[in-house]
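Below, each chain spelled out in residue letters.
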Amino acid sequence: MFFYHVSIIIIICDKFIHEMQKITENDCSETIVRQKIKNGVTYVYKRIVRYNPAKRNTEVISSKLLGKLDASGTLIPNRPKKARAPVTNKPALTIEKKIVGISDILKFIAEDCGIEDDLYVSFKDDACVNKILDVANYWVANPGQSLSKFEGWQRLHQNRYGYLITEDIYHNLFCAVGADTQAEQLYFKARSKREGKCVLAYDTTTISTYGQRDEFARYGFNKDADGLPVIKLLTLFSLHSHQPIAFRKQPGNYPDVISLTNALKELSWLDMDKVELVMDQGFYSENNLTELLRRHVKFLCLADRRTKWVSKLLDQYRDELDSPENFNGLNTFERGYCCLNKRTFGFTRQRGTASAKAREEQMFEKRIYTYLYLDTARAAQEEQNFYSSLMELKAQMEENRKELTDAALERAAKFLVRSKRPYCGKYKYALNKESFNKEIRKFGCFALVSNQADSTFETLRTYRRREHIEDIFELEKDCLDGRTPRVWEAAALEGRFFCQFIALGLYCELYERIFKIKEQLKEDNAATKGEERDNRLLLRWLQSKSLKQILDYFSVLELAGFRADRNIAIRTEVTKRDQLFLKLLGMKNI
């Protein structure tokens, strides 16, 4: 039975095996072996063997099957191996499918409003610009989402960079952008050139941060009231194009009033000396007014009505606000009056000239337009609150509470009259009508200060347009992942702010264009009834959707690509209403 074991080869047995040996230089021998298996077929092998003196046996180095023996003992060789096919340069088949609707819209917006061109001019690195725009597109398309989901979003949507932007890549991008101050300033200057003469809103917001390595993160006034250290962002926003122009960081504990001097220098660098600045009360001070007038910058600023000269003007012209000719025709609760007065301002010269020495006090006189306003609805509310607080204070005084502060006692002495009750000897308090009536006359009043003459209520509308910058601050925090950035390094935080600034520009531009489309559709200038119906349906759809819902709607537009010996691209069809919207948006190649 041992003749049928495949694993045992007996070389010295002449009955079943015939050997031919040839000694080589390496003490190996080439052996032809016939081996018969269970089914009766005899196979012929060529083996290379070598004697191992340590084990005292023969080892098989290699074995090759030559063929098998037929019934007559003739060798039937094996079939030759199939020749390999010649190597060709035929491309491999690749199939991919990406969502292109959102990216196509945002790419068109970036190109058409000049953001993409200004980035290329400023950074001069196509890969860096594409990564910045990809991050910005993600924030616009996914309001409120953090960057932790950015990598998964890219796997479904087409991006500009061409490769997957991982967490390490966008972190390095933030560091590189934040360290490149020159590119940032060149971008701000490129954006300012597109504005020309315009009205700029200038305001600040606070950004809470967990980072402890940034010197700008300090404890100060926190608008979010979350108890974290904050970084202050100063932003220039165009009220003409509704586009952010520039931003700058500031330590979180700095007051707004001291930042205006550097803002004027920044305007000079941006070649925007002929703009009009609109600011809130936080930037009002005599020094800032002096600096604005010295530099001949047009401005409109909300003044504190408790300032002495503003309070005097209110006392002087308060009766004019009750005159019917000063009522607002669009809102009868509002009344306004403009008064012109000349005021003298002084400053200390930092450098000497031919006419003045350094550190010399110099005076000049300028005309100031003060716009006084009265909001009767607001006045009624303030009067009610003031009366309620006085009644509460009156009750506390009659109870003879000793925990009242000095301020409360001063207020009681001013607005309350004390008298002694005849029987019990206790004191009672009543309102001082003269002081009360004098105080409530200024309720609901506010003043705007400017060096430009304009109609009273047109000036008020210009100032109220400043509220758009407050809207974009909330937009940046709530929609563009800017409320509490999770970045530790100062350079990375600066770069992140810049990418959010780009996303803010894209969002504002797209929002403004959709708003204009709605206004255009409301005019109903259709030539035919069919066009009128299409416009009505599109307007109804746009009014029922937010910007995110509109972008999500176009996420069904996909592009499937088949690449082999020939390229085939299949794009999702577009309905008639969608074509009309994209056409009104400005996209020609739909």
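Residues numbered from 1 in each chain as written. Predicted model: local features only at pLDDT ≥ 70, side-chain atom pairs only at ≥ 80, totals over all residues. Heavy atoms only, no water.

**Quick word on the packing of aromatic side chains**
Here is step 1: In total, this model carries 27 aromatic pairs according to the counting rule given.
Here is step 2: Measuring from ring centre to ring centre gives 5.6 Å for Tyr-138 and Trp-153, while their planes differ by 70°; the resulting arrangement is edge-to-face. Of the two residues, Tyr-138 sits in helix 3 (residues 126-141) while Trp-153 sits in helix 4 (residues 150-156), which places them 15 residues apart along the sequence. Residue Tyr-138 shares its accessibility class with Trp-153, and that shared class is buried.
Here is step 3: For the cation-ring pair, Lys-189 lies above Trp-269, with the distance from its terminal atom to the ring centre recorded as 4.1 Å. (Phe/Tyr/Trp six-rings, centres within 6.5 Å; stacked < 30°, edge-to-face > 60°. Helix = DSSP H or I, 4+ residues; strand = E, 2+ residues; numbered from the N terminus. Buried < 20%, exposed > 50% of the residue type's maximum accessible area, 1.4 Å probe, protein only. Lys NZ or Arg CZ within 6 Å of the ring centre and 35° of its normal.)

**Things to note about the side chain of Asp-280**
Here is step 1: By secondary structure assignment, the location of Asp-280 is in the loop between strand 9 (276-279) and helix 8 (286-294).
Here is step 2: The buried charged residue Asp-280 lacks any salt bridge partner; its closest oppositely charged side chain belongs to Arg-466, at an N-O distance of 4.1 Å.
Here is step 3: Every residue in contact with Asp-280, bar those within four places of it in the chain, is listed here: Asp-203, Cys-301, Leu-302, Tyr-463 and Arg-466. (Lys, Arg positive; Asp, Glu negative; His and termini not counted. Salt bridge = Lys/Arg side-chain N within 4 Å of Asp/Glu carboxyl O. Contact = heavy atoms within 4.5 Å.)

**With respect to the nonpolar core**
Here is step 1: Core analysis: the largest hydrophobic core is formed by 136 residues, its most contacted members being Leu-119, Ile-132, Leu-277, Phe-498 and Phe-581.
Here is step 2: Residue contributions to this core peak at 16 residues, all from helix 15 (residues 490-523).
Here is step 3: Dropping the residues within four chain positions of it, Ile-132 is found in contact with Leu-119, Phe-123, Leu-173, Val-177, Phe-498, Cys-499 and Ile-502.
Here is step 4: Of all hydrophobic cores here, the second largest spans seven residues; its members include Leu-393, Leu-404, Ala-408 and Leu-416. (Core = buried A, V, L, I, M, F, W, Y, C linked by side-chain atoms within 4.5 Å.)

**Overview of the sheet that holds strand 12 (residues 361-375)**
Here is step 1: Taken together, the eight strands give an open sheet; going across it, the order is 8-7-6-9-10-15-12-11, and neighbouring strands pair in mixed fashion. What marks the edges here is a single partner per strand, and that holds for strand 8 (244-251) and strand 11 (334-348). With strand direction ignored, the average angle separating the axes of adjacent strands in the sheet is 25°.
Here is step 2: As judged from the four bridges shared by strand 10 (residues 298-303) and strand 15 (residues 445-450), these two strands associate in the antiparallel manner. Residue pairing across strands places Leu-302 opposite Leu-448, the latter belonging to strand 15.
Here is step 3: Strands in contact with helix 15 are strand 6 (199-208), strand 7 (230-238) and strand 8; relative to strand 8, the strand with the most contacts, it is inclined by about 150°. (Pairing = 2+ DSSP bridges. Axes fitted to C-alpha atoms, helices over the stretch in contact; angles between N-to-C directions.)

**Considerations on the packing of helix 5 (residues 167-179) against helix 15**
Here is step 1: One can describe the packing of helix 5 onto helix 15 by two numbers: an axis separation of 6 Å at closest approach and a directional angle of 90°. Considering the angle they form, helix 5 stands roughly perpendicular to helix 15. On the side of helix 5, the interface is formed by His-171, Phe-174, Cys-175, Val-177 and Gly-178, while helix 15 contributes Ala-491, Ala-492, Glu-494, Gly-495, Arg-496, Phe-498 and Cys-499.
Here is step 2: Of the residues contributing to the contact of helix 5 with helix 15, the split by class is seven nonpolar, three polar and two charged. (Parallel < 35°, antiparallel > 145°, perpendicular 65-115°, else oblique. Nonpolar A, V, L, I, M, F, W, Y, C, P; charged D, E, K, R; others polar.)

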